[in-house]
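Read off the chains here:
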Amino acid sequence: MCRAARLGVSLLVLLFAFVGQASAGSVKVGYVNSVALMEQAPQADMAKQALEQEFSPREQEINDLQQQVQGLQNKLDKDGASMSDAERTKLHQQIDQKMLRIQQKQNDFQDDLNLKKSEALGKLQQTVLQAIKEVAAKNGYELVVSDGVVYAAPTVNITNLVAERLKEMVKAKK
């Protein structure tokens, strides 16, 4: 069964579970736009800035190597005709070696960046989930739904409340 179908079935099961409870009294249901929360959360900006700060020296190193290769290539293009075979061969070897280093550094950079992005995304998701749970508990929501909702009335949309809680969480850490 695909993820969307499982999610739909899960939501139906939850809704049916609350039908019995709803007949005894009202059930307070809320909705959050988790995509908007992940984009708006100040924690997302902080994680992005931390990644940029951590990876910018490595990116600069790769750029410097690329400029070195470009300089060597320009020298070969300009002076290659007047160079001896040995000099041209040596210059080609230097270019090839630097290109291999660039490729290795780019691959390592991308692998490390992807790993760190995944870690940061996981932490952000946990933080957003924690904020949702705190807002739900504080405001007496028995059910909060997110992805897979076709329509949610503004009266049940608690996205702004959760966004405010995320901001409070950042302020509390400072």
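As a reminder, the structure under discussion sits directly above these lines.
Residues numbered from 1 in each chain as written. Predicted model: local features only at pLDDT ≥ 70, side-chain atom pairs only at ≥ 80, totals over all residues. Heavy atoms only, no water.

Q: Explain the pattern of salt bridges to me, please; I cannot follow it from the model alone.
A: Note on pairing: side chains with opposite charge can pair once their charged atoms come close. A complete count under the given rule lists 7 salt bridges for this structure. In this structure, the salt-bridge partner of Arg58 is Asp112, at a minimum N-O distance of 2.8 Å. Note that Arg58 is positioned in helix H3 (residues 42-79) and Asp112 in helix H4 (residues 85-139), a separation of 54 residues in sequence. Relative accessible area serves as the criterion here: at 32%, Asp112 is assigned to the partly exposed category. Residues participating in the shared-partner salt-bridge network are Glu134, Arg165 and Glu168. (Salt bridge = Lys/Arg side-chain N within 4 Å of Asp/Glu carboxyl O. Helix = DSSP H or I, 4+ residues; strand = E, 2+ residues; numbered from the N terminus. Buried < 20%, exposed > 50% of the residue type's maximum accessible area, 1.4 Å probe, protein only.)

Q: I'm lost on the packing of H3 against helix H5 (residues 159-173) in this one. Help?
A: If you want to describe how two helices pack, look at the angle between their axes and the distance between the axes. Direction vectors running N to C along H3 and H5 enclose 50°, while the axes themselves pass 8 Å from each other. Of the possible angle classes, the one that applies to H3 and H5 is oblique. Taking contact as the criterion, the partners of Pro42, Gln43 and Met46 in H3 are, on H5, Leu166, Lys167, Met169 and Val170. Grouping the constituent residues of the contact of H3 with H5 by class yields 5 nonpolar, 1 polar and 1 charged. (Axes fitted to C-alpha atoms, helices over the stretch in contact; angles between N-to-C directions. Parallel < 35°, antiparallel > 145°, perpendicular 65-115°, else oblique. Contact = heavy atoms within 4.5 Å. Nonpolar A, V, L, I, M, F, W, Y, C, P; charged D, E, K, R; others polar.)

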